[in-house]
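Reading the structure
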Amino acid sequence: MIRLLRMLRSRDDERGVALVAVVGIGAVVMLLVATMVTIATSGARVTTTDTAWNRAVAAAYAGIADYQSRLNADNSYGNYGQASAPFSRESGSTFPNGPGGNPAFNYQAGAGWVSVPGSDGTASDAAFRYAVDNSKLSSQGVIRLQSTGRSAGTTRSVVANVRPDGFSNYLYFTNYESGDPTVTNEENGSGRCTSAYRPVATASTCRAIQFGPDDNLAGPVRSNDQIKICGSTFGSTVQSVYSWTSANCGTRAATFASNPTTVSTLTPPSTIGDLRDSMRYDLPSTTNTIEGTGCLYTGPTKIRFNGDGTMTVVSPLTVKTVVKGASAVPGASITDGQVSSKCGAIDDLHSVAGARVAVPKNNMVFVQNEPAARAGNVQDPNYWDASPYKNLPNACDSTNRANEWTNMKSNGVGFPQSTGVRSTSEVAPTAGEGATVGTPYGCDRGDVFVQGTVDKAVTIAAENYLYITGDIAYPATRSPSTVLGLIGQRAVWVWNPINADGTTFRPTNREIDAAVLSNQGTFVVQNWTKGPTSGRGTLTLYGSIGQNFRGAVGLANGQGYDKAYKFDPSLATYTPPKFPRPTVTTYRVATQVESKTAYTANGAPIP
C-alpha cells in the first residue's frame, strides 16, 4: 500500500485518484470490522438464548419436584388444582379442594408464576406454573402433571406421570416373612404359631419361609421383615427393614444385581371394604366418571376372562350388582340395590352357563360375603333370605357331600371339583405343613375363582379368598395400560387340588400375569407339600406380589413349584384400577417428557 501511495504522489496530476483509492480501502477495512463486530454480537445473543432455553426447561422440572413434594407431604394433594386450566379442563378433572392458595396453579395471562431460587437462595428470572389431570387418580392412582418453566421470555413445558409408591411397584413385597397362621393353621410348639418379625421371633413364632436355590426373581423385592435367602438369584433391587440372612442355608451363595439395602416400613391397609364404594350408584365420585360403577357379586363367584373384551360370570347368590348406602361399613344400612345391565342378568348369573358380560374396563369387580341378617325389617339387598329368590334352594341349603371321597359340600360353582372318578375328584386341601385349611369353599363366602385371557384393565377383589384356577395371561396384542389386579383379602390361592390318595392331578406349570395382593393374608399354593418330589413344574408370574404374610409354593425336596417371577414393566407406569395403596406412601415420577409449550412468557395459554 505504501508503494502505491508513493507512486500516486509522484504524479501530481493524479492526486484526485489517490484520494478515491484511500477512501475505498478505508471503507473495505470498516466493512470487515463491522462484520466481525456483528458476528461477535450475534454469538452473544445465541449464548443468551441457549441459557434461557435451558433454564426454562429446568424451571419446568423444578415445578414437577415442587408438586411431588406437596403430594408426599399430603397424599390427598391430588384433589387440589384449577378445573378451568386448559390441561385440566381437557381431561374433565375436578378439584374439590380448589387451588389451596398455591400460585403455581395460576393459568391466566398476567397472573403470577412461582420463582425458582438461584444458587444463593435469592429469586431468579426462572419461574414455573403447573396444571393437573387427576381423572385417573381414583381408578389407576396416576396423576398427570403439566409443568411450564419460564426464563428471559422463553417458555417450555413438560408432562409427567406421578404415582404413589405402592405394592404393585415391587415384584415381591411381604410384611412378615412367615406364613399366615389363620390360613395355614401351622403349629409351632404347643399350639398354633403366632406372627412376629424375625428379629423378635420366639419359639412360638411361625417359621420363616426362605427363598430357595432355584428361585429367580427378575424385579424389585421388598420386605418389612428380615429375608432368608438360600442361594437365590435376584435380578433387581432387594430392600428390607431388617436386612437379610443365609443362616443354616448351606454353602450356595445368593446372587444379587446390587447390594441389598434397608428401607422404612410399607404398611398394607387393614381392609379392602372401602372398595365396595365403587359399586355404589349414589356417589358422585363413582357416577360422575367415565367408568361409572363396577360390578358387585355375592358369595362364591366364578369368572373366566374370554380374551375378547368379555368375561363369563357364575354367581348363584347374587341378587343386586350395584348398591346404595355405606356398604363398606359392617352393619351399615343399605337402603336400596339395583341390577346393572353391564354386570349380567341375575337369572344368567344363577345359571350353570353364567352371564357373558363386558369386562368393566378401568374399573373393578368386588365379590363379597353374603351379608348377615340384621335386626328390623331393612335388610341388605343381597341378604338371600330377604330377597325375591329366598324360596329357591342354594348351596348352603344342601347337606350332601360334593363327592364320596370328601366331607365337604359343594359351594355352588364347582368346588371342590367332583368328576365322579376318585383320581380326579378333590378332597379337603391343605396348607402350611400339611394342616387343613379352614373353610376352603364356604357356600356363602366372598370367594372368587379366576382364569382366562385378560385384554382390559380391571381389578378383581374378593372379601375372602381368591383362587387362581388356571392360567391367567395377557394376549400377544396387549396394550401397556392393560393391567390386571387380583386381590384376595384373606388369601390368594393357586388352586392345586389333591385327590383321596393325596395325589395332585391338575396339569403341571402355571402362568399368572397380574398384580397380586393379599392385604390381610398371603399368596400361597394349595397342597404345596403334596405331590411327587419331581415337583409341579414352574410357577411363572409376570407382574407383582404383595402380601401381609409370606406364602410358600414348594419344598426344597422338590415338591410343589419352582418360582420364575418377573416384574411387569407396565406396572412401573400403570396401577391396576382402584388398587389399594399403603396406609402411608410416597409419590414418585414414573415418566416425564417435553410437550408442546402451554403458555407464553406473560402467562397466556397457547391454543
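Residues numbered from 1 in each chain as written. Predicted model: local features only at pLDDT ≥ 70, side-chain atom pairs only at ≥ 80, totals over all residues. Heavy atoms only, no water.

Quick look at the overall build of the protein chain
Here is the rule we go by: What counts as a helix is a DSSP run of H or I of at least four residues, what counts as a strand is a run of E of at least two, and both are numbered from the N terminus. With C-alpha atoms as the basis for the radius of gyration, the globule rule is written as 2.2 Å multiplied by the number of residues raised to the power 0.38. We call a residue buried when its accessible area falls under 20% of the maximum for its residue type, exposed when it is over 50%, and partly exposed in between, using a 1.4 Å probe and counting protein chains only. Each accessible area value is a Shrake-Rupley result obtained with a 1.4 Å probe; residue values ignore everything except the protein chains displayed when judging cover. In this tally, Lys and Arg are treated as positive and Asp and Glu as negative; His is ignored, and so are the chain termini. Here the site of a charge means NZ on Lys, CZ on Arg, CG on Asp, or CD on Glu.
Helix and strand counts for the protein chain come out as seven helices and 31 strands. Its C-alpha radius of gyration of 33 Å places the protein chain more than 25% over the 25 Å reference for a compact globule of 607 residues. Dimensions along the principal axes, computed over C-alpha positions, put the protein chain at roughly 140 × 65 × 45 Å. By residue count, 51% of the 607 residues in the protein chain fall in the buried class. In the form shown here, the protein chain has an accessible surface area of approximately 26200 Å², with 53% of it arising from carbon and sulfur atoms. Averaged over its 50 positive side-chain charges, the protein chain has a centre that lies 6 Å from the centre of its 44 negative ones.

Observations concerning the state of the cysteines
In plain terms, the rule: A pair of cysteine sulfur atoms is labelled a disulfide when the two atoms are within 2.5 Å.
Summed over the entire model, instances satisfying the criterion amount to four disulfides. Each sulfur of the disulfide joining C230 and C249 lies 1.9 Å from the other. Residues C230 and C249 share a disulfide whose torsion about the S-S bond is about -45°; that sign makes it left-handed. With C230 in the loop between β8 (227-228) and β9 (233-234) and C249 in the loop between β11 (244-245) and β12 (255-256), the pair connects residues that are 19 residues apart, well separated along the chain. Accessibility expressed as a relative area gives 4% for C230, which makes it buried. Here C396 engages in a disulfide with C443; their sulfurs sit 2.1 Å apart. Handedness of the C396-C443 disulfide follows from its S-S torsion of about 110°: it is right-handed. Of the two residues, C396 sits in the loop between β20 (363-368) and β21 (430-431) while C443 sits in the loop between β22 (435-436) and β23 (448-453), which places them 47 residues apart along the sequence. On the basis of relative accessible area, C396 is assigned to the partly exposed category, the value being 26%. Take the cysteines of the protein chain that form disulfides and number them in order along the sequence; they join up as 1-2, 3-4, 5-6, 7-8.

Considering the nonpolar core
As a reminder of what qualifies: In this description, a nonpolar core means a group of buried Ala, Val, Leu, Ile, Met, Phe, Trp, Tyr and Cys residues linked to one another through side-chain atoms lying within 4.5 Å. Should any heavy atoms of two residues lie within 4.5 Å, those residues are counted as being in contact.
Ranked by size, the top nonpolar core spans 89 residues in total, and within it Y297, F305, I460, L484, L486, F523 and Y565 carry the most contacts. At eight residues, strand β28 (residues 510-525) tops the list of elements feeding residues into this core. Each residue touching F305, except ones within four places of it in the same chain, is listed here: T310, M311, V359, V450, Q451, G452, T453, V454, V458, I460 and L484. Grouped together as the second largest cluster of nonpolar side chains are 23 residues, A59, Y67, A104 and F128 included.

So, the sheet that holds strand β31 (residues 587-595)
What counts, and what does not: Any two strands between which DSSP finds at least two bridges are classified as paired. Between N-to-C directions, angles cover 0 to 180 degrees, with each direction set by a line fitted to C-alpha atoms, over the stretch in contact for helices.
Reading across the sheet, the five strands line up as β1-β2-β3-β4-β31 and stay open at both edges, with antiparallel pairing between neighbours. Two strands bound the open sheet, and with one partner strand each, they are β1 (114-117) and β31. Neighbour-to-neighbour, the strand axes of this sheet turn through a mean angle of 35°, independent of strand direction. As judged from the eight bridges shared by strand β4 (residues 154-164) and β31, these two strands associate in the antiparallel manner.

Re the side chain of N496
For the record, the criterion: Pairing of N or O atoms within 3.5 Å defines a polar contact, subject to two protein rules: one partner must be a possible hydrogen donor and the other a possible acceptor, and residues neighboring in sequence count only if both atoms are side-chain atoms.
Locating N496 in the fold gives a position in the loop between β27 (491-494) and β28. Within the structure, the side chain of N496 is placed 3.0 Å from the backbone oxygen of Q526, a separation counted as a polar contact.

Focus: the environment of D380
In this structure, D380 sits in the loop between β20 and β21. Using a relative accessible area of 6% as the deciding quantity, one classes D380 as buried. Expressed as a C-alpha distance, the spacing of D380 and D336, which sit 44 residues apart in the sequence, is 7.8 Å. Engagement of the side chain of D380 in a polar contact is seen with the backbone nitrogen of N382, the distance being 2.8 Å.

Re the confidence of the model for the protein chain
Short version of the rule: Each residue carries a pLDDT score, the predictor's confidence in it, ranging from 0 to 100.
Residues with a pLDDT of 70 or more make up 90% of the protein chain, whose mean pLDDT is 87. The model gives residues 4-23 a pLDDT under 50, and that stretch makes two contacts with residues more than four places away or in other chains.

Comments concerning the pattern of salt bridges
To keep it simple, the criterion reads: Salt bridges are counted wherever a side-chain nitrogen of Lys or Arg sits within 4 Å of a carboxyl oxygen of Asp or Glu.
On inspection of all chains with the given rule, the structure shows 17 salt bridges. Between R70 and D66 there is a salt bridge, and its shortest N-O distance comes to 3.0 Å. With R70 and D66 both in helix α2 (residues 15-73) and four residues apart, this pair spans about one turn of that helix. Relative accessible area serves as the criterion here: at 31%, R70 is assigned to the partly exposed category. A relative accessible area of 21% places D66 in the partly exposed class. The partner of R276 in a salt bridge is E463, and the shortest N-O contact between them spans 3.7 Å. Remark: E463 occurs in the loop between β24 (458-462) and β25 (465-473) and R276 occurs in the loop between β13 (261-262) and α6 (284-287); sequence separation between them is 187 residues. An identical accessibility class is assigned to R276 and E463; each is buried. A single salt-bridge network, built from bridges that share partners, covers D277, R280 and D282.

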